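Working through the structure, step by step
Each chain, letter by letter, is given below.
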Amino acid sequence: MATRLQYENNCEVGVFSKLTNAYCLVAIGGSENFYSTFEAELADVIPVVKTSIAGTRIIGRLCAGNKKGLLLPHNTTDQELQHLRNSLPDSVVVQRIEERLSALGNCISCNDHVALTHPDLDKETEELIADVLGVEVFRQTVAGNIIVGSYCTFSNIGGLVHPHTSIEDLDELSTLLQVPLVAGTVNRGSDVIAAGLTVNDWTAFCGSDTTATELSVIESVFKLREAKPSALVDEMRKSLIDTYV
Amino acid sequence: MPRKPKKHNHSMRHRLVTFSPFGRSKAMATRSRMATRGVEKHERQNKDLATSSLNGFKYNMKDKIQQSDSSDDEEFEGDVQADFVFFDPKLSDFHGVKVLLQTYLDNLQWDLSGFVDLILGQPTVGTVVKIENDEDDGVYSVVSALSLERYKASSCFLFCVFMDSKCVLELKDFLLKVCQDTDVLGKLKSLVGEHAQHVGLLVSQRVVNLPPQLLPPLYDGLFDEVGWATEDEPTKELRSSFRFKFYLIISKIYKHKNADQNRGTVKNGEESVIYNRPEDEIFFEVPSGMFSMLILCYQCANLTSIKCFCSLAHGHSVFAYMHSRLLLMRQLKNYRPMGLVMAVEACKISSFREQLHLLIDE
């Protein structure tokens, strides 16, 4: 299910939070409402960690991660790095990388299998992404925009991209990512998808300005209506395969 | 969609890739130019939203090189030409107007989106300032006058049911809550309570470095529109809802930390109050007589809401741009940001308009 919320009157929830299948990062400051909405949805399943990155609250745009790892920019402080290493599950590799383009959330968009990156990222960074996040990396643009991390967001099930993406681009990206994609908007016509929306395999959070139409598009492309936390689905799948034999 | 090549006369240097026109405007150096009233304002009839874009009034700014604030352009290599156009508010301006109103009520969590919808749902009274042929359609300023009575929850039957006036209730509650002074509280209560049918909320927000020459036509336009609305609106209720006797203004100022103390320890040359906007100075303390019948200052919880406009003793204006913010911070270290709520009688508005012209056009 998709939840609508705000951070201090600001509907750009993807800026102040980072949601993956294994953990959720939430910015400090702001009212407790923001944090408690995430807690209410996710507390039983994955850890919800309050943090700052480089002393700022725009953590969603500065870091990139999936269930296998988390990449942090070079200006993350040592305390923040230690705090994240302590709070996140051991299966998650937390790595601070030296990259000139430090807004990693804007430059990298990923799920658990594939990542799209800014065309100007360093070669070493690309290798680190493949290593830490365990993904296949593609340098791409979305609707002519090079900051792919901002204009598209996808999970293991589906993805939402910039509204002006052409059909050919949509097909190409869909083939690369191996998930169905839809071009749409969030927060009442805003085309900065990843700033207004943060999503994982079973839940999504978007800004409170999101219209009912946009919300239904999000729920259908990310298949949130009948979604369950992936750990449970995987377990079910194992037992199902057994019976086929 | 590939980026179109920028047109020569609109080349904007140092264009930041930011997500909001507000951030972009900070990177733009606007050369102050003299506004020429080249376009006649014609009598406004009932507006059709679809044609509202055709009613944009253009203000071609002629160059005025002797302006003292041209020295702020030193760090930018070129001039930026900008033709500002005035439009009626449209629903598509939602994001731009919302950004401008972000700190309207301090850091209160309220129905800001609903409030913006009220402003945009009123195309007959209100103006939105944009730049001509701006590909990003950024909103640089918004002014409007909202009738507190029209948007009260109970009387919403006549006007469309979706008109959510929860925001107006929250706004009224906020004002009553921040009022510490008991005798002002009484006046304020009556303004937002029993006498709400005569009160118009004057909303006026702009980007930091909007040229001040735009202000007189902006305000003149607004008050003219209010006058026309009392005659042109389709229903009797709407017409009477614009017959304001008072205007309520919410704004921000900087008060010197020692200003309240009677020992008068304010150093020479330092003002006791710094105004973010020139019209606030006129409303707040006019030597020729008090404009405002109600003045309320409240402690601003959100200390980062700095709009960099300082007015000095002799009424000249100095614009501080983002890159001179450090200097401003040093200047402002003795000042406390305060919210300001003022109520002005509608009969004094024509005098205010003249004062504004005198202040800006000098």
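Residues numbered from 1 in each chain as written. Chains lettered and ligands numbered in written order. Predicted model: local features only at pLDDT ≥ 70, side-chain atom pairs only at ≥ 80, totals over all residues. Heavy atoms only, no water.

Worth spelling out the cut-off: UniProt positions are given in the numbering used here, feature names are shortened, and annotations may be inferred rather than shown by experiment.
Chain B appears in an unreviewed UniProt entry as Protein BCP1 from Salvia splendens. On record in UniProt, under Sequence similarities (unreviewed entry), the comment for chain B is "Belongs to the BCP1 family."

Under the annotation held in an unreviewed UniProt entry, chain A carries the name Eukaryotic translation initiation factor 6 and is attributed to Salvia splendens. A UniProt comment under Subunit (unreviewed entry) is attached to chain A, and it reads "Monomer. Associates with the 60S ribosomal subunit." Under the Function (unreviewed entry) heading, UniProt states for chain A: "Binds to the 60S ribosomal subunit and prevents its association with the 40S ribosomal subunit to form the 80S initiation complex in the cytoplasm. May also be involved in ribosome biogenesis."

1. Some remarks on the interface of chain B and chain A
By convention, interface size is frequently given as the accessible area that disappears when the constituent parts associate. For the record, the criterion: Residue contacts follow a heavy-atom distance rule, with two residues in contact if any of their heavy atoms lie within 4.5 Å. We define a salt bridge as a contact between a side-chain nitrogen of Lys or Arg and a carboxyl oxygen of Asp or Glu at a distance within 4 Å. Identification of polar contacts relies on pairs of N or O atoms within 3.5 Å, with a donor-acceptor requirement for protein atoms, meaning one able to donate a hydrogen and the other able to accept it, and with residues adjacent in sequence counted only if both atoms are side-chain atoms. Secondary structure counts use DSSP, requiring at least four H or I residues in a row for a helix and at least two E residues in a row for a strand, with both numbered from the N terminus. Any residue that is not Ala, Val, Leu, Ile, Met, Phe, Trp, Tyr, Cys, Pro, Asp, Glu, Lys or Arg is counted as polar, Gly included; the first ten are nonpolar and the last four charged.
Taken together, the twelve residues of chain B in the interface contact 17 residues of chain A. With its nearest N and O atoms 2.7 Å apart, the salt bridge here joins K98 of chain B to D209 of chain A. Inspection of the chain B/chain A interface yields ten residue pairs in polar contact (both at pLDDT 80 or more). When residues of the side of chain B that touches chain A are traced back to their parent elements, those giving at least two are helix 2 (94-100) and helix 3 (112-120) of chain B. Here the side of chain B that touches chain A gets three residues from one element, more than from any other, and that element is helix 2 of chain B. Tallied by class, the residues present in the side of chain B that touches chain A amount to six nonpolar, four polar and two charged.

2. Here's the deal with the pairing of strand 5 (residues 127-131) of chain B
Two faces make up the sheet, and in a regular strand the side chains alternate between them. All names here are of chain B. What counts, and what does not: Relative accessibility under 20% of the residue-type maximum defines a buried residue, over 50% an exposed one, and the middle range a partly exposed one, all with a 1.4 Å probe and only protein chains included. Here a strand pair is declared whenever DSSP counts at least two bridges between the two strands.
Of all five residues in strand 5, five are buried; the element is thus mostly enclosed. Residues T127, V129 and I131 point to one face of strand 5 and V128 and K130 to the other, with burial holding for every one of them. In terms of strand pairing, strand 4 (residues 84-87) meets strand 5 through four bridges, oriented antiparallel. Looking at the pairing, F84 lines up with I131 of strand 5. Here four bridges tie strand 5 to strand 6 (residues 139-147), and the two strands are oriented antiparallel to one another. Counterpart to K130 in the pairing with strand 6 is V139.

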